[in-house]
Amino acid sequence: MPNRAMRLSPRVIAPGLIFVATVLSTGVATRGVYARGFDATLSAGGVVALVAVVASMYGAAWVALCRVYGLSLDAAGLSLGWRRWPEALGLAAGTLLGYLAAVWAGSEVAATPFVRRDAALAPGALVLGWLSFFLSSALQQLSTQALVRALSPREGLSWRAVGAGVLLFVAAHLSVSQSPRYLGNVALFALVSTGVYRAAGPAGVLCASAAHGAFNFAQLVLMGAPIGGERVRFSVYLWPTQESVWLGGANGFDEGWFFALALVVPGGYALLKLRALRAKGVL
């Protein structure tokens, strides 16, 4: 009987629900939205589809963490108060500006400079692109961070849970590339975004998603980086054609060393904030 109780405990049920919801939601997004390529994400239909998928994932996380595991919205990292939007947007803007600065520095060492396309994207397409990549990133962050929270004790953060979240995040990107440098950067991003998610408190889901979305939007839509060999056909700039260990190669900025350097600031913030929270006994 004790074994049966353990198998049916919230610590077992919640991660299982999150994992199943992740597989279903990402599967729907991949087949229903991204099957037609990145250009589909710049359409109103693609954005509407992603809204439905992300809403479903959020609902699953709420059921698993709040109803099954017994956490409050704040403790689950799912509280979305309007007063927290400035913090999320501030982090997104900082990430975007930091990334563009790194790309500018990278272009100084790239063999082929960035070239602006003759036909610029319409403002509406840029807005749809931003919304699309924010939603896509929110889906990835929700699934990753909800799993980390479900595997951690109620009062703290487990390194084993963080490791499981990182593995889930990396596994979701295996179809893009198996390059060791690319997967290493993806794992580093998952680790840093988990730290930011936890350090930012209830606004964590917005902050991590906004930062992730800003990075992808700048990389694909503005700079025209190829991801898994595919490009956004209507990007503002053309990505340099030659490989560069700093700027990245066939998988864009994700495969360059500037990627890791760009994570130093948010990673340092998360580390200092988490250490302060631990010292106060919060973690």
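Since we're looking at a predicted model, the values are computed, not measured.

J.: For this particular structure, what's the right way to read the overall build of the chain?
T.: A count of helices and strands for the chain gives 11 helices and two strands. Reading the chain from its N terminus to its C terminus gives the helix and strand order α-α-α-α-α-β-α-α-α-α-β-α-α. Total accessible area on the chain stands at roughly 13400 Å², and carbon and sulfur atoms take up 69% of it.

J.: In this structure, what is going on with the layout of surface pockets? I would like to understand it.
T.: Space left empty within the atom packing is revealed by a probe, the size of a water molecule, rolled over the atoms. For the largest pocket, the calculated volume is near 970 Å³. For the lining of the largest pocket, the elements supplying multiple residues, two or more each, are α2 (10-32), α6 (123-151), α7 (159-172), α8 (180-199) and α9 (204-222). A class-by-class count of the residues in the lining of the largest pocket yields 19 nonpolar, 14 polar and two charged. Computed from the structure, the second largest pocket encloses a volume of approximately 350 Å³.

J.: Looking at this structure, I do not really get α9. What am I missing?
T.: At 3.6 residues per turn, the α-helix brings residues three or four places apart onto the same side. With 19 residues, α9 should reach 27 Å at 1.5 Å per residue; the first-to-last C-alpha distance of 26 Å fits that figure. Of all 19 residues making up α9, 19 are buried, and the element is well covered by its neighbours. Where α9 ends, the next residue or the one after it, Gly224, has phi of about 70°, a positive value.

J.: Please clarify how the packing of α2 against helix α3 (residues 44-68) should be interpreted in this entry.
T.: The interhelical angle for the contact between α2 and α3, taken along N-to-C directions, is 175°, at an axis separation of 9 Å. Comparing the axis directions of α2 and α3 gives the class roughly antiparallel. Together, Pro10, Ile13, Ala14, Leu17, Ile18, Ala21, Thr22, Ser25, Val28 and Ala29 of α2 and Leu50, Val53, Met57, Ala60, Ala61, Ala64 and Val68 of α3 make up the contact between the two elements. Looking at the contact of α2 with α3 residue by residue, the class counts come to 15 nonpolar, two polar and no charged.

J.: In this structure, what is going on with empty space enclosed by the protein? I would like to understand it.
T.: The final tally for this structure, using the stated rule, is one cavity of 30 Å³ or more. Computed from the structure, the largest cavity encloses a volume of approximately 30 Å³. Taken together, Arg117, Gly224, Arg231, Val232, Ser235, Tyr237, Leu238 and Trp239 form the lining of the largest cavity. Its residues assigned to classes, the lining of the largest cavity shows four nonpolar, two polar and two charged.

Definitions and cut-offs
- Residues numbered from 1 in each chain as written.
- Predicted model: local features only at pLDDT ≥ 70, side-chain atom pairs only at ≥ 80, totals over all residues.
- Heavy atoms only, no water.
- Helix = DSSP H or I, 4+ residues; strand = E, 2+ residues; numbered from the N terminus.
- Areas by Shrake-Rupley, 256 points an atom, 1.4 Å probe, with all protein chains shown as cover.
- 1 Å grid on protein atoms, 1.4 Å probe; cavity = no way out; pocket = protein on both sides within 12 Å on 5 of 7 lines; lining within 4 Å.
- Points joined across faces, edges and corners; volume = space filled by probe spheres on them.
- Nonpolar A, V, L, I, M, F, W, Y, C, P; charged D, E, K, R; others polar.
- Expected span 1.5 Å × (residues − 1).
- Buried < 20%, exposed > 50% of the residue type's maximum accessible area, 1.4 Å probe, protein only.
- Axes fitted to C-alpha atoms, helices over the stretch in contact; angles between N-to-C directions.
- Parallel < 35°, antiparallel > 145°, perpendicular 65-115°, else oblique.
- Contact = heavy atoms within 4.5 Å.

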